[in-house]
Amino acid sequence: MARRGDGFAAVILAAGQGKRMESPLAKVLHPVGGKPMIHHVVTTAREAGAAPVVIVVGYQARDVQAAFSGDDAEVVFTVQEEQRGTGHAAEVGLSGLPAEAKHLYLLCGDAPLIRTATLRQLARIHEEAGAAATMLTATAGEPHGYGRTLREGAELIGVVEEADATEAQKKITEINTGAYVFEAAFLRAALPRIRDENNQGEFYLPDVFPIARAGGRVVQGLDLASPEEALGVNTQADLRRAQEIHEKRKLEG
């Protein structure tokens with residue numbers, strides 16, 4: 001299990017504008033439980049053992065940085081000047097990590113409901129398997145808009161984004177939540193090898209999975225028992241749902 005100081009760090013992707021929010025405020029600054037949602041992600045990463053935490057900023061970068069001023073000495077910021085996909089964002093985030101980081105959580109700043117216990121479980125599975133990469137998945141009743149998880153039997157082999165998926169692949173209900181654990185050295189070596197040859201012209205982070213497998217490395221997947229943890233906030237309706245779940249958790253203790 002990851003503990004502070006044992007080589008685990010975190011990279012949190014928070015560069016997007018969030019146009020579907022229809023708000024002038026950067027998406028990750030919208031509040032859940034009275035705090036910007038990015039705060040929840042940082043807190044969870046820290047509780048799961050991450051130090052330091054690197055936040056990749058872009059849209060309204062100064063405002064996102066200002067949300068942490070004065071009380072978060074371990075937070076490091078890197079700037080993604082041009083948004084070229086999650087693989088590119090991860091590479092920007094890695095530039096802010098110390099060389100001694102052995103493993104990292106890679107999380108989305110707009111997913112404030114993932115629990116600390118889930119990240120710890122993800123880290124434990126990753127370390128026990130000696131994996132290059134471990135991805136958190138979920139089974140969605142309505143998977144539209146999410147990347148679909150590709151498997152050969154029980155083995156995770158990759159992710160196909162909806163824009164690139166066949167009709168058969170769109171019927172897959174196991175989705176990519178956007179939360180991962182990576183071996184840092186593997187990710188540093190693999191990211192420069194991925195390509196943007198897809199319908200969105202972006203560098204997709206899960207494209208490192210085939211690189212791992214080609215090198216004889218293990219890629220793990222953990223299917224969430226509680227899919228609500230995977231909720232990504234993309235619209236005002238998502239924000240209201242996240243707030244409802246947060247309040248329910250508080251009442252349940």
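Residues numbered from 1 in each chain as written. Predicted model: local features only at pLDDT ≥ 70, side-chain atom pairs only at ≥ 80, totals over all residues. Heavy atoms only, no water.

## A short note on the overall build of the chain
Along the backbone of the chain there are eight helices and 11 strands. Here the chain has a C-alpha radius of gyration of 17 Å; the compact-globule value for 253 residues is 18 Å, and the two agree. Along the three orthogonal principal directions, the C-alpha set of the chain runs to about 45 × 40 × 40 Å. Taken across its 253 residues, the chain has 52% of its residues classed as buried. Here the contacts in the chain between residues at least 6 apart in sequence split such that 71% fall between residues at least 24 apart. Per element, the accessible surface of the chain, about 11,700 Å² overall, is 48% carbon and sulfur. Charge separation in the chain, taken as the distance between the mean sites of 27 positive and 34 negative side-chain charges, equals 3 Å. (Helix = DSSP H or I, 4+ residues; strand = E, 2+ residues; numbered from the N terminus. Rg over C-alpha atoms; globule rule 2.2 N^0.38 Å. Buried < 20%, exposed > 50% of the residue type's maximum accessible area, 1.4 Å probe, protein only. Contact = heavy atoms within 4.5 Å. Areas by Shrake-Rupley, 256 points an atom, 1.4 Å probe, with all protein chains shown as cover. Lys, Arg positive; Asp, Glu negative; His and termini not counted. Charge placed at Lys NZ, Arg CZ, Asp CG, Glu CD.)

## Comments concerning the environment of T134
Assignment of secondary structure puts T134 in strand β7 (residues 133-139). Each C-alpha atom, one on T134 and one on V218, is 8.5 Å from the other, the two residues being 84 residues apart in sequence. Apart from residues no more than four positions distant in its own chain, T134 is found in contact with L122, I125, H126, A179, Y180, V181 and Q220. At 2.8 Å, the side chain of T134 and the side chain of H126 are in polar contact. (Polar contact = N/O pair within 3.5 Å; in protein donor to acceptor, adjacent residues only side chain to side chain.)

## Here we look at the nonpolar core
Ranked by internal contacts, the top residues of the largest apolar core, which has 36 residues, are I38, V42, V53, I55, Y105 and L107. Counting residues per element, the ones that place at least two in this core are β1 (8-14), α1 (37-47), β4 (53-57), α2 (61-66), β6 (103-108), α4 (116-129), β7 and β10 (174-183). Those residues within four positions of I55 in sequence are excluded, and the remaining contacts are I12, A14, I38, V42, F68, V75, V76, F77 and T78. (Core = buried A, V, L, I, M, F, W, Y, C linked by side-chain atoms within 4.5 Å.)

## Side note on the packing of aromatic side chains
Geometrically, a pair of aromatic rings is defined through the distance of the ring centres and the angle of the planes. All chains considered together, the criterion is met by four aromatic pairs. An aromatic cluster is defined as three or more aromatic residues linked by ring pairs; in this entry it consists of Y180, F182 and F209. (Phe/Tyr/Trp six-rings, centres within 6.5 Å; stacked < 30°, edge-to-face > 60°.)

## Things to note about the pairing of β10
Along β10, nine of the 10 residues are buried, which leaves the element largely enclosed by surrounding structure. Bridging between β6 and β10 involves four bridges; their strand directions are antiparallel. When the sheet's bridge partners are listed, Y105 is paired in β10 with V181. Sheet topology places β7 next to β10; seven bridges connect them, and they run antiparallel. Bridged to L136 within β10 is A179. (Pairing = 2+ DSSP bridges.)

## Description of the confidence of the model for the chain
Detailed reading of the predicted coordinates is not advisable wherever pLDDT falls low. Mean pLDDT over the chain works out to 92, with 96% of the residues at or above the 70 mark. Summarising per-element confidence for the chain, the mean pLDDT is lowest in strand β9 (residues 155-160) (91) and highest in β6 (98). (pLDDT = per-residue confidence, 0-100.)

## Examining the pattern of salt bridges
The full count for this structure, using the stated rule, is eight salt bridges. Between E167 and K170 there is a salt bridge whose closest N-O contact spans 3.5 Å. Here E167 and its partner K170 are both found in helix α5 (residues 167-170), three residues apart, which amounts to about one turn of the helix. On the basis of relative accessible area, K170 is assigned to the partly exposed category, the value being 30%. Where salt bridges share partners, they join E152, E155 and R213 into one cluster. (Salt bridge = Lys/Arg side-chain N within 4 Å of Asp/Glu carboxyl O.)

## Things to note about the side chain of H30
Relative to the helices and strands, H30 resides in the loop between β1 and β2 (31-32). Overall, H30 belongs to the buried group, its relative accessible area being 5%. Other than its neighbours up to four places away in sequence, H30 contacts M21, S23, L25, K35, P36, M37, Q236 and L239.

## Considerations on the environment of R241
Mapped onto the fold, R241 is located in helix α8 (residues 236-252). Residue classification places R241 among the partly exposed positions, given a relative accessible area of 40%. R241 sits 13 residues away from E228 along the chain, and the two C-alpha atoms are 9.5 Å apart. Apart from residues lying up to four places away in sequence, R241 is in contact with E228 and L231.

## Brief notes about helix α3 (residues 86-94)
For α3, a buried count of seven out of nine residues is recorded, marking the element as mostly surrounded by other parts of the structure. Residues of α3 that are buried: G87, H88, A89, A90, V92, G93 and L94. In this fold, the buried residues of α3 make contact with β1, β4, β5 (75-79), β6 and α6 (184-190).

## Examining the pairing of strand β8 (residues 148-152)
One ladder, built from five bridges, connects β8 with β9; its direction is antiparallel. Directly across from E152, in β9, lies its bridge partner E155. Connecting β8 to the next strand, β9, in antiparallel fashion are two residues, including G153 with a positive phi near 65 degrees.

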